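Residue-level listing of the chains:
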Amino acid sequence: MSTPATGAVTLAPRRSSRFVAWVRAWRAGLVPYDEVADAIAGDEEHLVADAPGTWTDVPLGAALPTLAKLSPDEIRLVLPAPGDPRGLPGPGDFAGAALVTGEAVVAGGLGLIPQVRLHTSGSGDCFETVLWRVYPLPANAAAASLSLPGAAEAEAELAAALAETTAVLTRLDVAQWRPELAGALAALRRPDGTTDLPPGFDPRARRLFARAAVLDRVLALAGHAAPGGAINNYEAQQRDAALRPLTAACRQALVAACNAPLRP
């Protein structure tokens, strides 16, 4: 039986995390080029705007060769938030857009940010396409993310934040006004194996990514107002304060997992 909690934990992971993981594995020679674009896009249509050497939007697969000379360590995931710009190469158009979107890719001297575009067909059906907009960056842009926590540190921080936040939400009686959130948090303890990284990532990175990717979607659910006005402004502030440390730990866990060293 499908529930709101079930839906929350089956949504797609962040697009930038998929992009970084698969492009890094390709550049390490661990997956073939022909598989990368499909693995990133899944069932969506992905286009790229402003890629070097292009004059119009091109399919994702046609733009990937612009990254063919990069090493895996030059391709990094960044998940910035207001007040937490870690991983960004400094002020500029790319940093501003990344802070608005909440996710981005640093790839050598290029930055890529996914934008979801909504369309309506002539018959009234709505559909989405994803446009990766490319920004020029300083040559050493990837170095800004090298000082971020590694997988071991991020895993410990995520576990501590999850335990603390679960306790706080229990005290706030979260089940009364958001019962599906309590169920979704419990789902974290039962990994379903559907969220995975491509070849080359070690078991710790895989475990961290699987847990953080699910939790990231649970937190998106938690950030929505409860249906029917079941939570007032004060309760919403308490909820947001309780979730803030976990949200930050979750972002850093995804970054650490996707940027982890690759092994043949």
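Up top is the structure.
For the structure given in this document, a descriptive report is provided here. Computed from a predicted model, the values in this text were never measured in an experiment. (Residues numbered from 1 in each chain as written. Predicted model: local features only at pLDDT ≥ 70, side-chain atom pairs only at ≥ 80, totals over all residues. Heavy atoms only, no water.)

## What to know about the sheet that holds strand 1 (residues 45-49)
Next up, step 1: An order of 2-1-6-5-4-3 is seen for the six strands of this open sheet, with the pairing classed as mixed. Each of the sheet's edge strands pairs with one partner strand only, and the pair in question is strand 2 (58-59) and strand 3 (75-78).
Next up, step 2: Bridge count between strand 3 and strand 4 (residues 104-107): four bridges; the pairing is antiparallel. Its bridge partner being in strand 4, isoleucine 75 is matched across the sheet by alanine 107.
Next up, step 3: Contacts between helix 2 (residues 15-27) and the sheet are confined to strand 1, strand 3, strand 4, strand 5 (110-120) and strand 6 (126-136), with strand 3 contributing the most and set at about 165 degrees to the helix. (Pairing = 2+ DSSP bridges. Helix = DSSP H or I, 4+ residues; strand = E, 2+ residues; numbered from the N terminus. Contact = heavy atoms within 4.5 Å. Axes fitted to C-alpha atoms, helices over the stretch in contact; angles between N-to-C directions.)

## Digging into helix 5 (residues 93-101)
Next up, step 1: Of all the residues in helix 5, the buried ones are Phe94, Ala95, Ala97 and Ala98. Buried residues along helix 5 cover an arc of 165 degrees about the axis, so they all sit on one side. Turned more than 90 degrees away from the buried face of helix 5 sit Asp93 and Val100, all of them exposed.
Next up, step 2: Buried positions along helix 5 lie against strand 4, strand 5 and strand 6.
Next up, step 3: In the segment just after helix 5, glycine 102 is the residue with positive phi, at about 85 degrees. (Buried < 20%, exposed > 50% of the residue type's maximum accessible area, 1.4 Å probe, protein only. Arc of directions from axis to C-beta.)

## Section: the pattern of salt bridges
Next up, step 1: In the structure shown here, the tally under the stated rule is eleven salt bridges.
Next up, step 2: Of the charged contacts, one joins arginine 251 and aspartate 84 as a salt bridge, the two residues approaching to 2.4 Å between their closest N and O atoms. Here arginine 251 is found in helix 10 (residues 233-258), whereas its partner aspartate 84 is found in the loop between strand 3 and helix 5, with 167 residues between them in sequence. You'll find arginine 251 and aspartate 84 in the same group, each marked buried.
Next up, step 3: Across the pair arginine 204 and glutamate 155 runs a salt bridge, and its minimum N-O distance is 2.6 Å. You can see arginine 204 sitting in helix 9 (residues 203-222) and its partner glutamate 155 sitting in helix 6 (residues 151-171), a full 49 residues away along the chain.
Next up, step 4: Salt bridges linked by common partners bring Asp84, Arg86 and Arg251 together as one network. (Salt bridge = Lys/Arg side-chain N within 4 Å of Asp/Glu carboxyl O.)

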